[in-house]
Structure formats: structure tokens, C-alpha cells
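Structural overview for review
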Amino acid sequence: MGRGYTVDDTVEVYLSKLCDQPAATVTGVLVGQSSPQRDVVVMACRTPPRQEGLVGVGKSLDKEWISEHARQVSRMLPGGLSVLGVFIITDADAKETLTSLRQLVFTVQSLISSEHVWKPADDDVTDCLALHINPKSRKIMCRTFDIKDPKSMAKPADWKYQSGVSSSWSMVTCSVRVDLLLPLPDCSQSMEKCVEEAVREWARQMEKTVCLLDGTQLPEDAELTAGQKRNVRQVFTAQLLVTPDQGRLTSVVQQCGGSLALRGVVHSRAYLHNNRPKAKMAEKLLKRDVLSTVVTRLHMWLEEQPSSENLVKGVSRDQGTETFCLPHRVFSPVGVGGPLFVCDYQFKDEDPMEVIDRLKEMLDIDAAHKDLDTQLEVAAEVHHPAEAPVEHIAVREPKRNNYIGVVMATAVALLAAAASTLYLADV
């Protein structure tokens, strides 16, 4: 017997509407939570069409575009929710499309995992879902592939709709202060690679932090909802404590073109569906969300730069201070009244309507301005003192939940010719 998938009945309604569309082929991703016992699916998001045409034409799938959409969706998911697989709606024979679905599953998961900076855990589920729906007969073929095995063959899986799957998730939240100093490359190195290597070192530190849930360090196998009512949503506040020997990177001397200081506070959250969620799972999902939200903002900032190499050269040459604000996190409910939320990242100069448009394009969610939770992270105020050397610049301390911004500045001592600082925003 293969894996089982418990699917929220709102997903059934959504997929049925897609079946009624005139498009020959519709593709998308399936979102939910994996567990060793059984997976739950709470969202399906159709792939938006490219500007120049439809995603699927006949039997040919635009795997690059579908995978990029899956990557963007993955960035918009908080801890506990992930892309579980892909779906295709076509009247082509299910067996004929299985090869294309297999290739698509591996391509999607490879791209998504390329942005993960944490080490896989032994209890991570590696089976990914491929769903085929015939829009005329509404017949479903559900298969899984083990992405750890390049030679993995399709295994049958059970797809079962159920009402109220999204109604009673537990949520763990925390605010984490970030204070990193990352080296920037010299002319012979890639800025993206240097930043990624430094962030991976920070990720190893974060994975070793002590997690307190409602002020208590629980045993790994402790149930979060022990002694509480079943099927009632519970909210827990967590703290991630860095031990003294983890407070700084190992001192090294290396040639670089500058440094990137990342400072501020990020809001993080994780959802748990299991009726008996364990402290170990809550801690893992929460830490991964902290890492994911920081890395996502770094990627978005780097993608906004016309040329990261020229950026470093320009700062080194000018020996000045320049500020860049990274986007802050905005949450939106998946359905009316929640309890599940997804997120987007809003740059300081963006209008809320741009967030609403992205939620519609990427997740096919009809959000209103009043639905957006913009209070958890608010833009920082970064001051520019005139001609002050970086060692004398007073950095404004964040109050509560801040998002990341970047400042390019003159380097301290002999480490580099230029430095940059990422600030998180004030509430």
C-alpha cells in the first residue's frame, strides 16, 4: 500500500472548477504537510500562464515555467506547509502523461530544495505526489515518486477528500533577532555563492539553538496539546535561544570585497496538523521557517540588483554608505477566517495591491486589503549620517518585529574595502 493523502474538500471544489475551463491542459502544485503516517493537502494552485501563451500546449509541458512557479509558491509558504507535488488536468491518457509528470516532480523538487540551507532530517518524507485528472470523466490517477532515488518508479497512492481538514491546525510563533556579518566577494568570486556559504554556516548555528515553547523546554516526544481539547486550534509562543559558543562565527581571515551585516528581527510561524503534534516537529518546522524567510529575502534582494558584481565594485570604489531595505513579510489567510495563512514579501516602495496581485497570480487567492496582516513586520527607518565613518554610525535598535534591509558602508579595520548592513524593520 502506498502513501495516503487526506485532502481538504475545498481542493476538490477548486480542481473541479479547473476541469470546467476550456484550456486543453492545466497544471499546478499541491500544498500541504507531510508526516511519516499520512500527508494532508490543503491547497491547489494552478500555474499562471506565461505572458506569451499558455503553460501547456498539447502534450508538451513547459517544465521550466511550472518549476519556477512552484519555487515562488514555496517561498510564500510559512513553516509546516510545503509543495507536496504537482497536478495536471488533461484528457490525454494517464499512462502517457506519467513520464512527463515524473520528470516534472523531480525538476520541481530539485529547484525548491536548491534554496534550502538546512540539512535533511532522518524523518523527512521524500515521496512527492503526481496527480492526473481527466476533465471529462473526472477520473483521478495518484502516484508518488521518491525524489531521493533518481531511478524511482511510480507507486500508487490513496487520494481521499475530507471536510474540515484546515480547521484545527496548531500554530507556533516566534520573533528572532538576526545579527550576521557575511563576507562579500572580491572580483574573482560570485556574490551569490559567498552569501550562500555564509548563510549555511549561520543555518548550522540556528539548528543548534534551544527552543522554548511557552517558556518551557519540552522533551522531543512531548505532545504539544497534551491535556487540552482535541480538534481545537492551539497557539504557542516559542523562543529560540543561542548558546554563548554559537553567538559568533569562527574567526577566519579571507580575501573579500566587503561584508554584509544582516541585522533586525523576523516574525516566524509554523503550522502543525497532526492530532498529536510533538515538540520535536514544532521545533524543526519553526527553525526551518526562520531560515527560509531570511534566505528568501536575501534571494529577492540579490535578484533585484542589476549586477551584484558591479554593486560590490561600486561600493568598494566609492568608500561610502548606501542603504537598501529588504522586503517585509505580509500574511494573508488561505480561506475565510483562516486558520492557515500564507505570506508574501512587500518592498518598502510597493503598494499593497501589488501583494494582492501576486497572491492571485501565484496562489490563486482572492485577498482583499483588509485581509492582509501587515502589522507583524513594518518598514525600518534607516538614517544616513553625513560623512560618518562606519565604526561611528549609530544603528537604531529594532523594537519588536523588524524586516531586513541592506546598507553598503566602508569596511572596518583591514578586513575589507567596503561593507554592507541588512536591517530589519520596526513595528
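Each value, and the rule that gives it
- Residues numbered from 1 in each chain as written.
- Predicted model: local features only at pLDDT ≥ 70, side-chain atom pairs only at ≥ 80, totals over all residues.
- Heavy atoms only, no water.
- Helix = DSSP H or I, 4+ residues; strand = E, 2+ residues; numbered from the N terminus.
- Expected span 1.5 Å × (residues − 1).
- Buried < 20%, exposed > 50% of the residue type's maximum accessible area, 1.4 Å probe, protein only.
- Arc of directions from axis to C-beta.
- Contact = heavy atoms within 4.5 Å.
- Polar contact = N/O pair within 3.5 Å; in protein donor to acceptor, adjacent residues only side chain to side chain.
- Patch = residues over 30% accessible without salt bridge, like charges linked within 9 Å, V, L, I, M, F, W, Y side chains within 5 Å.
- Areas by Shrake-Rupley, 256 points an atom, 1.4 Å probe, with all protein chains shown as cover.
- Salt bridge = Lys/Arg side-chain N within 4 Å of Asp/Glu carboxyl O.
- Lys, Arg positive; Asp, Glu negative; His and termini not counted.
- Charge placed at Lys NZ, Arg CZ, Asp CG, Glu CD.
- Pairing = 2+ DSSP bridges.
- Axes fitted to C-alpha atoms, helices over the stretch in contact; angles between N-to-C directions.
- Phe/Tyr/Trp six-rings, centres within 6.5 Å; stacked < 30°, edge-to-face > 60°.
- Lys NZ or Arg CZ within 6 Å of the ring centre and 35° of its normal.
- Core = buried A, V, L, I, M, F, W, Y, C linked by side-chain atoms within 4.5 Å.

A rise of 1.5 Å per residue sets the reference length of helix α7 (residues 352–363), with its 12 residues, at 16 Å; its end C-alpha atoms lie 16 Å apart and thus fit the reference within 8%. Taken residue by residue, α7 has V355, I356, L359, M362 and L363 as its buried positions. Axial view of α7: buried residues confined to an arc of 145 degrees, hence all on one face. Residues of α7 that are buried make contact with β3 (39–46), α2 (63–75), β16 (328–333) and β17 (341–346). Its side-chain oxygen 2.8 Å from the backbone nitrogen of M353, D351 forms the N-cap of α7. At the exit of α7 stands D364, carrying a positive phi of roughly 60 degrees.

Turning to a negative patch on the surface, a few remarks are in order. Negative charge collects at one region of the surface, where E304, D349, D351, E354, D357 and E361 lie side by side. Sort the elements by how many residues they give to the negative patch and α7 lands first, with three residues. Overall, D349 belongs to the exposed group, its relative accessible area being 71%.

Below, the discussion takes up the sheet that holds strand β6 (residues 82–89). Within the open sheet, the eight strands sit side by side as β9-β8-β7-β6-β2-β3-β1-β10. Their pairing is mixed. Unpaired on one side and paired on the other, β9 (155–156) and β10 (158–162) mark the two borders of the sheet. The sheet contact formed by strand β7 (residues 127–133) and strand β8 (residues 140–146) spans seven bridges and is antiparallel. Bridge pairing in β8 links I133 to I140. Against the sheet, α2 engages β2 (26–33), β3 and β6, with an angle of about 30 degrees to β2. Sheet contacts for helix α3 (residues 94–113): β6, β7 and β8; angle to β6, the most-contacted strand, approximately 150 degrees.

A ring pair, where both rings are aromatic, is described by two values, the distance of the centres and the angle of the planes. Tallied over the entire structure, the rule returns two aromatic pairs. With centroids separated by 6.5 Å and ring planes inclined at 40 degrees, the aromatic side chains of Y5 and W159 adopt a geometry described as tilted. Taken together, the residues span a long stretch of sequence, with Y5 in strand β1 (residues 4–8) and W159 in strand β10 at a distance of 154 residues. For the residue pair Y5 and W159, the accessibility class agrees, reading buried in each case. Geometrically, the ring pair formed by W159 and Y161 is edge-to-face, given 5.9 Å between the ring centres and 85 degrees between the ring planes. With relative accessibility at 13%, the residue W159 sits in the buried group. Members of the aromatic cluster, joined through ring pairs, are Y5, W159 and Y161. Across the ring face of F341, the terminal group of R269 is positioned such that the distance to the ring centre comes to 5.5 Å.

Let us now look at the nonpolar core. By size, the foremost hydrophobic cluster in this structure holds 49 residues, and its most contacted members are V29, V31, M43, L359 and L363. Core analysis: the second largest hydrophobic core is formed by 40 residues, M191, V199, W202 and L302 among them.

Tracing the sequence through the fold places S74 in helix α2. Once the C-alpha coordinates of S74 and I112 are considered, the two residues, 38 residues apart in sequence, prove to be 7.0 Å apart. In this view, S74 contacts V83 and I112; residues no more than four positions away in its chain are not counted.

When charged atoms on two side chains of opposite charge get close, those side chains can pair. In this structure the tally under the stated criterion is 25 salt bridges. Ionic pairing is found between E115 and R71, a salt bridge with its closest N-O pair at 2.6 Å. Highlighted residues: E115 in the loop between α3 and β7 and R71 in helix α2, separated in sequence by 44 residues. By the burial criterion, E115 is buried, and R71 matches it.

Let's shift gears to helix α1 (residues 9–19). Burial in α1 covers these residues: V11, Y14, L15, L18 and C19. In an axial view of α1, the angular spread of the buried residues amounts to 145 degrees, which keeps them on one side of the axis. For α1, the secondary structure elements touched by its buried residues are β1, β2, β3, β6, β7 and β10.

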